[in-house]
Each structure stands twice: as structure tokens, then as C-alpha cells.
Amino acid sequence: MDTIKLLEKLSNLHGAPGHEQEVLEFIKDNMKGYICEKDSINNLYIKTNTERDKPVVALDCHSDEVGFIVEGIKANGTITFLPLGGWHITNIPAHSVIIRNFKGEYITGVVSSKPPHFMTAEEKQRLPKMEELVIDIGTSSYEETVELYGIEVGNPITPDVTFSYDEKIEVVRGKAFDNRLGCAIVMEIMKEIKSKELKVGAVGVVSAQEEVGLRGAQVAANTVRPDFAIIFEGSPADDTFKDAFSSKGAIGKGVQLRVLDAGMVSNPRVQEFVKNIAIKNNIPFQVIARSGGSTNGGKYHIAEKSIPTVVIGIPTRYIHTHYTYASVKDYKNAISLGRKILEELSKDIIKSF
């Protein structure tokens, strides 16, 4: 499967936090010849058995995307819901969504937005509240929603978006690039290194529930107990609202190395090691310090006796909304950098961190 088709397949899949099974099944089906093991929280571990008696490197990504969950069904058939992940209220109304019932059926709905004709003067001057929003699937009663469409409390909800690719500028558009980009990268690196003789062994970790508190990564770090961790993440791009001097997450300008966020202060020795590899191999990169946000690195770097960790981001415009953009060049550079790190790592280098 070529790169664009892989990204398309992964982006179009639905996997709200805690409901990642569709994504995991796709990855398992496309990693034949590897040992794929799933745990109770929905983490998937991809192994080759070559990691025995070598330092273990976790190649981490997360399979979940920001979504919602059904809270209840009203008498008129509309559906109340709660957020799963970091949404801002302005990005929710008037968008199409997909509800997956427990039979595995997909139902399309629209997040309601009151027409201005019916708004009070006060409503026109303020943002809507989450508890004022409902999803409309076109029904007119509780019975239609429940009996005809099988909607229940606890059904996961995800954005309704179809992937596309613009080959003129080598940019992809779709949902869930945070973090199906990382999933695709881990799959491609695991395949590329399968026949290589390395001084370390790699385990692909497709972790769950990142968007609701890095929960899968906490379990994975204690399960795999790696000696080094590489986190692949769809990171917020800032090039459409910052100038060229202050932007550190421009799409197409290189992978993003994160030195600070709300969950981790990056080890400067690890950063220097990774930057030197990138420079030596002509892999463009951008360095960012963020006051907020976090990645699975926040769990890995404080697990066990502390695990040397690097976060490699693929700048992605408008994450935590329905529609996101990313550069295929950045994606491919992230694969190259991840592979080169694996080729350079050794027991002694890991100890030096």
C-alpha cells in the first residue's frame, strides 16, 4: 500500500478515545508477519522478536482521535453528547458527525446550530454552551432514534470527513491526522527495519486514549519498559496565524522537535543527539517550546527510572477540528529521522543520556 492510500485509509477510520478497535484491526491486518498483541485498554503492541537481548526502543503513536460520546436521547429524537478530548466550542456546531452504534452501524448526524432567526439578542452576542448543543440525525422522536437507529448512551461519535490529496503541493486533508499520521509512520518504520541488523530492538506501540489524558501511554510505558522512546505525533501547525519569524510549526518546513510542553521538559542531551542526526542526513526540522498541550512523551519520560524520550511532530493545521492539513514531505522526513535514530542508537549511547 502506497503512502497516500495508507494515510487515506487511516484518516477515514473512526476511533474516538476508548473506541479505537476499528483502527487497531486495520493496523493488525496490514502488519502480517509481525506479532501484534492488544491489551485491555486498547493498546496494540507490534513486535518482531528481534528485540530480545537488545535495548528496546518504543516507537509510539496513538490511535484515538478527538470525538464525542452519546450522553442521552431527548423526546424529540435529538441526541445530547459529551466531548472526548480537547474541543473548543466554536469548532463543534453545524458540523457533520458519525455515530457508531453497538451493532457496528454508522449513522450520520449534524450538530445543531440554532438559526439566527430564532436567537435572542443575548444569544447572538455569546458563544453557545456545550449543554445547549444536540446532534440531529433527522428523526422526530425518541422511539425513532432508539428503535430505528439503535442509538444508545455510550455510542462513540467522530467527525464526518473524507480524506483528499492535492498532488500539486503534496498536501493531504482529512480528519484525525492527530494522530493517524503517527500510526502510519510507526507502521512504515517497522516494515523498513524488519530485515536490518540494528543494535536495538524496536516495538511499535499504538496507544489508546491519548486525547483524554495519555492513559494508554501510561500503561504501555510500564508494559514495554523501553530503554528509549520515540513519540510520533500530529502537532499543531502555527503558520497560518504567525509570521515567518515566530512560526515554529509550518507545514512543509520540516519535522517538529518539542523541547517543552505542559507534560515534559525534553532532555537536552537527547535533543542534541536527534538534531545532529537530522543535520547529518539533511532532514529539515523545527524546534518549538509550548506552554500548553502534551504528548505521550509526558508519560514515557517519567516511567520506570525515567526513559530518554524524543517527540517528533508532523506539523498539522487545525488539529482538534474536523478538517486538518499536513505535508507529505514532513511525513516522509519523520519516517527518515525515526529510522536514522534507530540506526544510530546503541546501549552505550542510551546510557549516556
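The structure contained in this document is the topic of the report that follows. Please read these numbers as outputs of a predicted model, since none were measured by experiment. The written sequence of each chain sets the order in which its residues are numbered from 1. The predicted nature of this model means local features are confined to residues of pLDDT at least 70 and side-chain atom pairs, given and counted, to a pLDDT of 80 or more, with totals for whole chains, interfaces and linings taken over all residues. With hydrogens and water stripped out, all remaining heavy atoms of the structure feed into the side-chain values.

What follows covers the overall build of the protein chain. By definition, any uninterrupted DSSP run of H or I lasting at least four residues is a helix, any uninterrupted run of E lasting at least two residues is a strand, and each is numbered from the N terminus. On a plain count of helices and strands, the protein chain comes out with 10 helices and 17 strands. Expected size for 353 residues packed as a compact globule is a radius of gyration near 20 Å; at 21 Å, the protein chain falls within 12% of this value. The dimensions of the protein chain, computed from C-alpha atoms along their principal axes, are 65 × 45 × 40 Å. Split into buried and exposed, the 353 residues of the protein chain put 53% on the buried side. What makes two residues a contact is simply this: any of their non-hydrogen atoms within 4.5 Å. Counting contacts in the protein chain only where the partners sit at least 6 residues apart, residues at least 24 apart contribute 76% of the total. The Shrake-Rupley method, run with a 1.4 Å probe sphere, supplies the accessible areas, and residue values consider only the shown protein chains as cover. Of the roughly 15,700 Å² that the protein chain leaves accessible, carbon and sulfur atoms contribute 50%. The positive charge centre, built from 42 side chains, and the negative charge centre, built from 46, are 6 Å apart in the protein chain. Radius of gyration here uses only the C-alpha atoms, and the compact-globule reference equals 2.2 Å multiplied by the residue count raised to the power 0.38. When a residue's accessible area, from a 1.4 Å probe over protein chains only, is under 20% of the maximum for its type it is buried; when over 50% it is exposed; and in between it is partly exposed. When charges are tallied, Lys and Arg are placed among the positive residues and Asp and Glu among the negative ones, while His and the ends of the chain are skipped. For charged residues, the charge sits on one atom: NZ in Lys, CZ in Arg, CG in Asp, CD in Glu.

Turning our eyes to something else, we now look at helix 6 (residues 215–224). If you check which residues of helix 6 are buried, you get Gly 216, Ala 217, Ala 220, Ala 221 and Val 224. Mapping the buried residues of helix 6 onto a view down its axis gives an arc of 130°, with all of them on the same face. Check the buried side of helix 6 and you find it contacts strand 2 (44–47), strand 3 (56–62), strand 12 (201–207) and helix 8 (297–300). The arc under discussion is defined with respect to the helix axis, by the directions toward the C-beta atoms.

In the case of a regular strand, side chains alternate between the two sheet surfaces. Whether two strands pair comes down to DSSP finding at least two bridges between them. As paired strands, strand 1 (residues 35–38) and strand 2 are joined by 4 bridges and run antiparallel to one another. Paired with Cys 36 across the strands is Ile 46, a residue of strand 2. What sits between strand 1 and strand 2 in their antiparallel hairpin is a turn of 5 residues, with Asn 42 showing a positive phi close to 90°.

Looking now at the packing of aromatic side chains. Side-chain rings of Phe, Tyr and Trp (the six-membered ring for Trp) are treated as a pair once their centres are within 6.5 Å; stacked means planes under 30 degrees apart, edge-to-face means over 60, and tilted covers the remaining angles. In this structure the tally under the stated criterion is 6 aromatic pairs. Aromatic pair Phe 68 and Phe 81: ring centres 5.1 Å apart, planes at 80°, arrangement edge-to-face. Placement of the pair is Phe 68 in strand 4 (residues 67–73) and Phe 81 in strand 5 (residues 79–84), with a sequence separation of 13 residues. For Phe 81, a relative accessible area of 3% translates into the label buried. Measuring from centroid to centroid gives 5.4 Å for Phe 273 and Phe 353, while their planes differ by 65°, and the two rings are edge-to-face.

The next subject is the state of the cysteines. Note that a disulfide, as used here, is simply two cysteine sulfur atoms within 2.5 Å. Counting across every chain of the model gives 0 disulfides. Free cysteine Cys 36: the closest other cysteine sulfur is in Cys 61, separated by 12 Å. Residue classification places Cys 36 among the partly exposed positions, given a relative accessible area of 23%. Note on Cys 61: no disulfide assigned, nearest cysteine sulfur contributed by Cys 183 at a separation of 3.9 Å.

Take the packing of helix 7 (residues 268–280) against helix 9 (residues 328–344) next. Simply put, an axis is a line fit to the C-alpha atoms, just over the touching stretch for a helix, and the angle between two N-to-C directions goes from 0 to 180 degrees. Relative to each other, helix 7 and helix 9 sit at 115°, their axes nearing to 10 Å. Here helix 7 is positioned roughly perpendicular relative to helix 9, judged by the angle of their axes. For the pair helix 7 and helix 9, the crossing hand works out as right-handed. On helix 9, the residues that touch Phe 273, Val 274, Ile 277, Ala 278 and Lys 280 of helix 7 are Leu 337, Lys 340, Ile 341 and Glu 344. Each residue belonging to the contact of helix 7 with helix 9 can be placed in one class, and the counts come to 6 nonpolar, no polar and 3 charged. Should an angle fall under 35 degrees it is taken as roughly parallel, and over 145 as roughly antiparallel, whereas 65 to 115 is taken as roughly perpendicular and any remaining angle as oblique. In this scheme the crossing of two helices becomes right-handed for a clockwise turn of the near helix relative to the far one and left-handed for an anticlockwise turn of less than a right angle. Classes in brief: Ala, Val, Leu, Ile, Met, Phe, Trp, Tyr, Cys and Pro nonpolar; Asp, Glu, Lys and Arg charged; the others, Gly included, polar.

Moving on: the environment of Val 172. Tracing the sequence through the fold places Val 172 in strand 11 (residues 171–174). On the basis of relative accessibility, which here comes to 1%, the residue Val 172 falls in the buried class. Spatially, the C-alpha atom of Val 172 lies 24 Å from that of Val 110, the residues being 62 residues apart in sequence.

Positionally, His 320 belongs in the loop between strand 16 (309–317) and strand 17 (324–327). Within the structure, the side chain of His 320 is placed 2.8 Å from the backbone oxygen of Gly 86, a separation counted as a polar contact. Think of a polar contact as two N or O atoms within 3.5 Å of one another; within protein, one of them needs to be a possible hydrogen donor and the other a possible acceptor, and neighboring residues in sequence only count if both atoms come from side chains. Here Asp 178 takes part through its side chain, which lies 3.1 Å from a polar atom of the side chain of His 320. Ignoring anything within four residues of it in the chain, the contact list for His 320 reads Val 66, Gly 86, Trp 87, Asn 91, Asp 178 and Glu 211.

Before going further, it helps to examine the environment of Asn 222. Topologically, Asn 222 is positioned in helix 6. Note on Asn 222: relative accessible area 44%, which makes it partly exposed. Considered as a pair, Asn 222 and Ile 35 are 187 residues apart in the sequence and their alpha carbons are 19 Å apart. Asn 222 has contacts with Ala 303 and Glu 304, leaving out every residue within four places of it along the chain. Separated by 3.0 Å, the side chain of Asn 222 and the backbone oxygen of Gln 218 make a polar contact.

One can describe the packing of helix 1 (residues 3–12) onto helix 5 (residues 177–192) by two numbers: an axis separation of 9 Å at closest approach and a directional angle of 135°. Comparing their axes, helix 5 and helix 1 come out oblique. The handedness of the crossing between helix 1 and helix 5 comes out as right-handed. Within the contact between the two elements, helix 1 uses Thr 3, Leu 6, Leu 7, Leu 10 and Ser 11 and helix 5 uses Phe 177, Arg 180, Leu 181, Cys 183, Ala 184, Met 187 and Glu 188. Split into classes, the residues belonging to the contact of helix 1 with helix 5 amount to 8 nonpolar, 2 polar and 2 charged.

One finds Leu 10, Ile 27, Leu 59, Phe 228, Leu 337 and Ile 341 to be the most contacted residues of the largest nonpolar core, which totals 56 residues. Examining the composition of this core, we find that 9 residues originate from one element, helix 5, more than from any other. Excluding its chain neighbours within four sequence positions, the residues that come into contact with Leu 337 are Val 255, Leu 257, Val 274, Ile 277, Ala 278, Ile 283 and Ile 312. Ile 73, Trp 87, Ile 89 and Ile 157 belong to the second-largest nonpolar core, a separate cluster that totals 18 residues. We call a set of buried residues a nonpolar core when its members are Ala, Val, Leu, Ile, Met, Phe, Trp, Tyr or Cys and they connect through side-chain atoms within 4.5 Å of each other.

Honestly, that's just the spatial picture; any functional story needs more than this.
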